[in-house]
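Spelled out from the first residue to the last, the chains are:
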Amino acid sequence: MRSQPSRLLAATLLATLTAASLHASAAAADYERVLNGTFDTGADPWWAGAGVTNRVTGGELCASVTGGTTNPWDALIGQNGVPFETGQSYTFSFDAHATTAQPITAAAGESVSPYRGIASQQFTLSAAKQRFSFTFTSTLDFPDAGNGQVAFQLGGQPADNTICVDNVSLVGGVKPPGGVNPNPAKKVQVDLVAYVPGLPKRATLVSAATTPQTWTLKNSAGAAVATGQSTPKGADATSGDSVHLIDFSSFDTAGTGYTLSVGEDTSFPFDISADPVKRLRYDSLAFFYHQRSGTPIDAQYVGEEYARPAGHLNVAPNQGDNTVPCRADLACGYTLDVRGGWYDAGDHGKYVVNGGIATWQLLNAYERASRLGDASAYRDGSMNIPEKANGVPDLLDEARWEVDFLLKMQAPDGMAHHKIHDANWTALPTRPELDDQPRRLSATSTAATLNLAAVAAQASRLWKTIDPAYSASLLAAARKAYSAAKANPAKLADPNDGTGGGAYSDDTVSDEFYWAASELYATTGEATYRTDVTGSTHYKAASLNRGGFHWGGTAPLGDISLALAPNGLPAADVSAIKTAFATVADQHLTAMAAMGYAAPYDNSTAGYVWGSNSTVLNNAQVIALAHDFTGAAKYREGVFEALHYVLGRNPLSTSYVAGYGDQAMTNAHHRFWARQNDPSLPIAPPGSLSGGPNSALQDPVAQRLLAGCPQQKCWVDDIGAYSVNEVAINWNSALAWVSGWAAEKSGTTTTPKSDCEVSFTAGRWNDGLSAQVKITNTGETAWTSWKLGFALPGTQRVTSGWSATWTQTGRDVTATSMSWNGKVDPGKSVHIGFNGSGSGADPAVFTINGKTCRTT
């Protein structure tokens, strides 16, 4: 992820872009239609097709093309979403040269089937840079962010070659670019997913009427089940809408497919149910397995569509993460093995300061549930990950994947390297295993070192009884890091280190010192750390305000741990921390009551910033903790209001969570979830959170499409719009924390109907077993084949089996149907079995064709 700019910078950029858009609107016709044709901001949104790798070198986009293709269009680079107007003239021009002379074709046309062409012309490149140009009249009509495309056809050559282009321009048309979000919005805005029974149910009506309007709630059959009058609220500056409030809380019958109507305007459908938020608790956590580096992402956990080989393990073309040197100008004299961890966002970088807060938030979700809620939701076997039967709560297993990476980023002197990523930005799309960029460590920093100290200390107390030896090693690393940071209190990350990965610079680290000291004190109770905690200017939640917390402002994380973990602080001081959370939560609720679209967000200084949705959810965590500390129902309701905003009750009628709602985020800025650029790749998986509105418009796509947008409407579902539609681990960790808390507070729920049922019985002896497995199709359609998956706890191994093809890798076992028993009709069963060696408990979770089954 390109690191979030300061709020002051965001405000400055917004003012600059607004002025630029006003100037552009007064200009003559013949508008520039391509984005980033000078490649000043990297390769985005230019993409590369199969057999082509894009790289910005010396200010040019250079495409490495694999030879041996048959046709010119077998190797492509291009840009989608380019607008064209029927009957209008366009001039396509560019600079280009090639290592070896060859012809290329510049083309304009349609990016999807039937791939209609508008115009094309062939040019012969040489080693010398030349300017090329041609003019044509468009025969097709495509809007901004539609299916229009410009491309360079580079194939049909026998040998590998490198072609470089620069100053690419497409000028023409008479319609000004941008200004309208292409996502259709409704007049009646609801949570597109669900409202939980027993809680308030509110919607927003977009209407300039000054008198109440009649609303009707209809069930899935279209029958009216409730009606009432809206409350006019008037102009809502943040969204630019004139709005009314609709409150239909009096209706509380669980069901699916409800709609809310006012006159001819009808909302998207939604449910009244606690089930979706309970699913979201796990889907939001599944995001982290998808983002794992250094390990294959297995189809049995994510399905075939999302499976991929391991990235960055020194398997060509990767240069790998096992012996990564420092940046050349640093000359640190050593390499580190930094395999593992999570890819931070849509690129292949891994950052300690972003990984720190994300890991802390997952660990805190578990610690908070253990002390104040129900940690059984995170028990072993609750998540579909490889470690789901190792005797450790699955949420801790997932967090450990990053904790271990953070430990690897510790330098010999105890400091932690700020980040590790590619030497240059990779293009969209680039699957992790196909990334050929060299990997480099950036310098160590005080902020990164304190992130490591804080998370390692926090993890140490959570693993104390689970794995004492691991706990001790974590605490030793935390102590070493904290001491190193104290010896280097102002080693700040370079704000200009932003090539190939975000800079993540932070010029204030007193908050990280407070956070790390708080975690170490909560874990050890030692006087040295206590002195640093109580002597900090951040003590007793002094830094907590409506701005919330984020990777660069971490003091409230220390407050949360001090309020949750038993420690020796005076009771009055702990009470003061808890009171501060209630005070700030009250400020949020007061502000939300006046909003057209209620969200705990303070936009008074810099508008909506990069990753605004994570700010909404981090503030929702503050409100949730206020409920934990006081028991007041108003705070519980406030958390769900925040979720309603994220899930669709917003001015764009969009759920910012992939897979949730009829109009949900799809085209996340991501190198692998990149179907918008490559139909063979997947879209963002369910539970992935978009960064959300960013009124500074800090990428070319957002600048073109959203000029002049009201703050809450500065978002577009486009893979190239990285400043509004990227994903990131510290954003999904916020969603995971809040949805987990909300699921716990949602009361009882119906158990979703499973498509399969498994019965497992085993006879055991000292060092072996014989197991019988009954598989039943409880769905409504026949299986043509089946694949059973489960994990064997302990030392158990399959030695032989019958009625299936049995395989085992580590603890993971699969049984695949035979030719004669693959077809299983609804309600029918198959009996299979195996003999094994070793000892251990029964498997806890079974899947058929990747779906979790009910067990009997």
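The sections below set out a description of the structure shown in this document. Each chain carries its own residue numbering, running from 1 in the direction its sequence is written. pLDDT decides what is reported in this predicted model: residues at 70 or higher carry local features, side-chain atom pairs at 80 or more are listed and counted, and totals for whole chains, interfaces and linings draw on all residues regardless. In computing side-chain properties, one takes all heavy atoms of the structure into account and sets aside hydrogens as well as water.

It is worth spelling out the sheet that holds strand β17 (residues 231-236) at this point. With respect to topology, 4 strands assemble into an open sheet ordered β12-β14-β18-β17, the strand pairing being antiparallel. Only two strands of the sheet have a single partner each, and these edge strands are β12 (188-189) and β17. For strand β14 (residues 202-206) and strand β18 (residues 241-247), the ladder comprises 5 bridges, and the chain directions are antiparallel. Across the sheet, the residue bridging to arginine 202 is aspartate 247, located in β18. Pairs of strands are assigned from DSSP output, requiring at least two bridges between the strands. Only DSSP runs of H or I covering at least 4 residues are called helices, and only runs of E covering at least 2 are called strands; the numbering of each starts at the N terminus.

Strand order in the open sheet formed by 3 strands is β24-β26-β27, with antiparallel pairing between adjacent strands. Across the chains shown, the open sheet's two edge strands, defined by having one partner strand only, are β24 (350-351) and β27 (439-441).

Our focus in this paragraph is the side chain of threonine 426. One can find threonine 426 in the loop between β26 (419-422) and β27. Residue burial is assigned from relative accessible area. The probe radius is 1.4 Å, only protein chains are included, and a residue is buried under 20% of its type maximum, exposed over 50%, and partly exposed in between. A relative accessible area of 8% places threonine 426 in the buried class. Any two residues having at least one pair of non-hydrogen atoms within 4.5 Å are treated as being in contact. When near neighbours in sequence (up to four residues on either side) are disregarded, threonine 426 contacts His348, Asp435, Gln437 and Arg671.

With that settled, the discussion passes to the pairing of strand β8 (residues 117-125). Pairing of strand β7 (residues 102-110) with β8, which is carried by 8 bridges, proceeds in the antiparallel orientation. Counted as the bridge partner of isoleucine 104 is phenylalanine 123 from β8. Between β7 and the antiparallel strand that follows it, β8, lie 6 residues; tyrosine 115 among them carries a positive phi value of about 55°.

For helix α10 (residues 555-564), the tally of buried residues reaches 10 of 10 residues, placing the bulk of the element in the interior. Along α10, the residues classified as buried are Ala555, Pro556, Leu557, Gly558, Asp559, Ile560, Ser561, Leu562, Ala563 and Leu564.

We now examine unusual backbone geometry. Of the consecutive residues aspartate 44 and proline 45, the connecting peptide bond is found in the cis state with omega at 0°. In this structure, proline 45 sits in the loop between β1 (31-32) and β2 (47-48). The residue after serine 113, namely proline 114, is reached through a cis peptide bond having omega 15°. Inspection of the secondary structure puts proline 114 in the loop between β7 and β8. Backbone geometry places asparagine 167, a non-glycine residue, at a positive phi of 50°.

The working definition used for a salt bridge is a side-chain nitrogen of Lys or Arg within 4 Å of a carboxyl oxygen of Asp or Glu. Tallying each qualifying case throughout the model produces 36 salt bridges. The partner of glutamate 744 in a salt bridge is arginine 368, with the nearest N and O atoms 2.9 Å apart. Taken together, the residues span a long stretch of sequence, with glutamate 744 in helix α16 (residues 729-744) and arginine 368 in helix α4 (residues 352-372) at a distance of 376 residues. Judged by its relative accessible area of 3%, arginine 368 is buried. Note that lysine 745 and glutamate 744 form a salt bridge whose closest N and O atoms lie 3.6 Å from each other. One connected set of salt bridges, linked through shared partners, spans Arg202, Asp247, Glu641 and Arg649.

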